[in-house]
Amino acid sequence: MRKLKLKINVSFILLSILLSVAGVIAIYELRILDRSFNTLILDNYKTVESLSQLMRAIELEDSGILLIMSGDYDEGKKMIRSGNSLFNSSYTLARKGIKTTEETDKLNEIALLHGDLRKIWDKPYLDAEIMNNMEWYRIEMHSRFLVIKQKVHEITEMHQEFLYKEASLIKANSRRAIMPGIVSIFASLLFAFILNFYINHYFVVPITRINQELKSFKTGQSIMDIEAGQNKELQELIQSINDLIRRLIRKQNPLK
Amino acid sequence: MRFEVIFKHLGIVLLFNAIFLFLAALISIYLKETSALALSYSALICFIFSVFPLVFSDKSTPIEFTEGLFIVVFGWLVTCLSGALPYIMWGGEFSIINAWFESVSGFTTTGSTILTEIESLPKGILFWRSSTQWIGGLGIIIFVLAILPKTSSSSIYNAEVSSITKMNFPFNNKKLLQALILVYVGLTLAQSVSLTFAGMSLYDAINHSFTTISTGGFSTKNNSIAWYQNLWIELIIVVFMVLSALHFGLIYGTFTRKHNNLFRSDIVRALLFIWLASTLIIAGKLTWEGSYSFWSALRHALFQVTSLGSNTGFATVDTVQWPFFTQLLLLYLMFQTGMSGSTSGGLKFDRIFIFFKIVQKQIRSLQHPRGIFTIKISGQRIDEKLEQQTMVFLLLYIFIFSASSFILSLMNIDGMTAFSASITAISNCGPGFGEVGSMGNFAGVPDLGKFVLTINMLLGRLEVMNVLALFVLRR
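Since the structure is predicted, the reported quantities are computational estimates derived from the model, not experimental observations.

### Observations concerning the pattern of salt bridges
Two side chains bearing opposite charge may form a pair once their charged atoms approach each other closely.
Turning to step 1, where the next piece is worked out: The tally for this structure, following the rule as stated, stands at 14 salt bridges over all chains.
Turning to step 2, where the next piece is worked out: For the salt bridge of A:Glu154 with A:Lys106, the shortest nitrogen-to-oxygen distance reads 2.7 Å. Taken together, the residues A:Glu154 in helix H5 (residues 134-220) and A:Lys106 in helix H3 (residues 101-120) connect sequence positions 48 residues apart.
Turning to step 3, where the next piece is worked out: For A:Glu154, a relative accessible area of 24% corresponds to the partly exposed category.
Turning to step 4, where the next piece is worked out: The partner of A:Arg144 in a salt bridge is A:Glu140, and the shortest N-O contact between them spans 3.4 Å. Here A:Arg144 pairs with A:Glu140, and both are found in helix H5, just four residues apart, close to one helical turn.
Turning to step 5, where the next piece is worked out: A:Glu140 sits in the partly exposed class, given a relative accessible area of 26%.
Turning to step 6, where the next piece is worked out: One salt-bridge network, held together by shared partners, links B:Lys361, B:Glu384 and B:Glu387.

### Things to note about the interface of chain A and chain B
Turning to step 1, where the next piece is worked out: Chain A puts 29 residues into the contact, and the matching count from chain B is 25 residues.
Turning to step 2, where the next piece is worked out: For the pair chain A and chain B, the summed buried area comes to about 2,700 Å², and 75% of that belongs to carbon and sulfur atoms.
Turning to step 3, where the next piece is worked out: On the surface where chain A and chain B come into contact, there are zero salt bridges.
Turning to step 4, where the next piece is worked out: For the pair chain A and chain B, the number of links is two residue pairs in polar contact (both at pLDDT 80 or more).
Turning to step 5, where the next piece is worked out: Top contributing element to the side of chain A that touches chain B by residue count: H5(A), with 17 residues.
Turning to step 6, where the next piece is worked out: Each residue belonging to the side of chain A that touches chain B can be placed in one class, and the counts come to 21 nonpolar, four polar and four charged.

### Quick notes on the side chain of B:Asp204
Turning to step 1, where the next piece is worked out: Inspection of the secondary structure puts B:Asp204 in helix H10 (residues 202-213).
Turning to step 2, where the next piece is worked out: When near neighbours in sequence (up to four residues on either side) are disregarded, B:Asp204 contacts B:Thr220, B:Lys221 and B:Tyr228.

### Remarks on the domain arrangement of chain B
All names here are of chain B.
Turning to step 1, where the next piece is worked out: Each assigned domain of chain B is listed with its residue range as follows: domain 1 (1-160) and domain 2 (162-475).
Turning to step 2, where the next piece is worked out: Placing a centre on the C-alpha atoms of domain 1 and another on those of domain 2 gives a separation of 23 Å.
Turning to step 3, where the next piece is worked out: Contacts between the two partners involve 53 residues from domain 1, matched on the other side by 54 residues from domain 2.
Turning to step 4, where the next piece is worked out: A buried area of about 4,700 Å², summed over both sides, lies between domain 1 and domain 2, and 67% of it is on carbon and sulfur atoms.
Turning to step 5, where the next piece is worked out: The interface formed by domain 1 and domain 2 includes zero salt bridges.
Turning to step 6, where the next piece is worked out: If you look at where domain 1 meets domain 2, you find 19 residue pairs in polar contact (both at pLDDT 80 or more).
Turning to step 7, where the next piece is worked out: Elements that contribute at least two residues to the side of domain 1 that touches domain 2 include exactly helix H3 (65-90), helix H4 (96-107), helix H5 (123-138), helix H6 (140-147) and helix H7 (150-160).
Turning to step 8, where the next piece is worked out: A per-element tally of the side of domain 1 that touches domain 2 places H5 first, with twelve residues.
Turning to step 9, where the next piece is worked out: In terms of residue class, the side of domain 1 that touches domain 2 is made up of 28 nonpolar, 19 polar and six charged.

Calculation rules
Residues numbered from 1 in each chain as written. Chains lettered and ligands numbered in written order. Predicted model: local features only at pLDDT ≥ 70, side-chain atom pairs only at ≥ 80, totals over all residues. Heavy atoms only, no water. Salt bridge = Lys/Arg side-chain N within 4 Å of Asp/Glu carboxyl O. Helix = DSSP H or I, 4+ residues; strand = E, 2+ residues; numbered from the N terminus. Buried < 20%, exposed > 50% of the residue type's maximum accessible area, 1.4 Å probe, protein only. Contact = heavy atoms within 4.5 Å. Buried area = accessible area lost by both parts, 1.4 Å probe. Polar contact = N/O pair within 3.5 Å; in protein donor to acceptor, adjacent residues only side chain to side chain. Nonpolar A, V, L, I, M, F, W, Y, C, P; charged D, E, K, R; others polar. Domains from an automatic or database assignment.

Written out as C-alpha cells, the structure reads:
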C-alpha cells in the first residue's frame, strides 16, 4: 500500500508545483507591473504637469512684456518676475522627470532660447524708442516666444509618445502576469480530470468490483474472480481476500 | 479503447516539447529576455504532463490500431496546443488564435506566420519557433516510435507512416525509423556547419538548419533569406532544401550503398527534372520580361523553385511582383510537394507520379482491352490497393483545399489570396501569393480564416485519411 500512497502523493506534489510556480511567476510579474505603474502614474504625472507649467510661465512672461510696452511697468515687471520664477521651478522639475536623451536635448534648447530672451526683455523700459514699437515686439520678442512654445509643445508630444510606449509595456506586463494564472487554471483542470480518470480506473472501479464480489460471496459462496489490471496493490488485496475465503470455506466444510 | 495507454504515449510526445522548451528557456535566461519565464513555465507544464501518466503507467503492452490512430492524431493536437503556450504567455503579437496559428504552422512545418516584426522577438522565442519545425519535420511521432519497443509501436507506426513512404524503402519498420532519424540529424548538423562557414552567425545557422531540413521555412529575419544577400548561403540552402524533399531512406541507401538509392529511383529523377525545367522556364520568363539579368533571374528562380517545390517557403525576392504565369507554375510546384519519406508535407510527389502512371495504364487498357497491365516504379510493382488509395487521396485533397478556398473567399479575402493560402496551408508550404506573399504574412487574415487554415495544415500533415478514419469512420 506504500506504493499506492506514493503514486497519489506524487500526483498532488506535481499539481502543487504547477500551481505554486504559476503563483510565483504571477507575483514576480505583478511586482514589475507595480513598479512600472508607479513610474507611469507618479513620475510622469509630475513631468506632464511641469511641462504645462513651463508653457504657462512663457505665456506670463509674454503678457508681462506686452504690459510694459503698453506703459504698465509695475504690473508688467511683476508678471515677468512671476513668469520667470515659474519657468525656473517647472524647468527643474521637468529635467528630473524626462527619460530620453531626445527630451533632454530639447529641454537644453529651451533653456538656451529662454536665456537669449531674458537678455533683451529689459529693453522696452530701458530704451524709449522701443516703447510702443510693436514691430520690434513682433520681430524680436513674439517670434522667440513662439519658438520656445513650439519646443515645449514638441517635448510634450515626445513625452506623450514615451507614455504611450510605457503604457503598452505595462499592458504586455499585465498580460504576462495574468496568463500563467489562466494557463495554470486550465492545466490544473486537465490535470484533475486525468487524475480522476486514473484514480477511477486503477482504484475505484476495482474496489467497487471487489465489494460487489464480496456481496455475491455472501449469497453464492464463490471465490472472487476480479482483474485488477496491473495494479499490484489491488492484486495483493484480491489475493488476500481469496485466501481468506478459501480458509473460511475449508473451515465450514473440511471435505472441500 | 484504453485511455491510460493513450495518456502515457501522449506524455512521451510532450516530453520532446519539454526538452526543446527548456533549451529555449536557457537561451532566454542567458540573454535576460522577457520570454524567460513564459518559456520556463511552458517547459514545466509539458514536463509535468509527460511525467504524470508515467507515475501510473503499466508495463508496455501491444497497442490496438484504433489506439495507434488516436495517439497519432491527438499527439499532433496536444503538441500544437502545448507549443502555443509560450507564445500565449509571452504576449506581443500573439493573441490566442495567433499563438495557435504560429504553433500549428510550426509543427506542421508550414512556415506561414502572423508576425509582422520577427526580428523584435526574443531569441528564446525564435529558437522555440524554429524548434517546433524541427520537431514536426520528421513527425514528433517518429521520435516517439524510436524510443518505444517494437511490440507496442507497430500500430502507431502504421498510422503515422504511410504505405507510400514504405514503398521506397523495403526494410523493416525499425530500420526505416533509424534511417530517417540518422539522415535528419546528419543533414541538420551538416547544414549548420556549412552556413556558419558561409558567414551566418551560429545562432542563425542552427535556426535556419532546423527550418530547412524540416522544410518549414521559418526565418529569424523579416525578409527571410533575402536579408543576407549572400550567394553562398542561398546555394547551401538550395542544396539542403533539395535533399530534405527526397526520401530519407533513399539518401540513407545512397550513403550506405544499398540497392535502393537516389540514383535508381524513377521518382527522384522525375522530381528533379520538373524542378530543373521549372527553374529554366521561370528564369527565361523573368529575363524576357526584363525583370532581371539572366544570371540574376536564374539565381532567384532556382531558389524559389526549390523553396516552394520542397515546401520550405524561404524567400530571396517578393514573388508577388513576378509575372502571373510564374506564380501559377510556383503554385503547381507547391501543390505537388516533395517525396514521401521526406519532411515535405501535403500531397507528396509520389502520388502525382503514380497518378500519371494510372492514366498511362488506363490508356493502354483502352488500346488493348484484353491486356493486363501493372504499374512499376523503379522496377517495383505497385499494388492495386495503393493505386486506389492514391486516387482517393488525390480527390479528397483537391476537395479539401477547394472547400477551404471557398470558405476563405466568404470572408471577403480576394481570390488569389484565398486560393494560394489554402494550397500553401494544406501543402504545408508557407507563403502564398496576393496578400500572403513571400514577403507578407497572415496577420491580416480574419481569425476564423486563420483557424480554417490551421485545420488545412493539420490535414496536410496527417495525410487526411488518418483524421477521417478517427473522426468519421469510427461512427
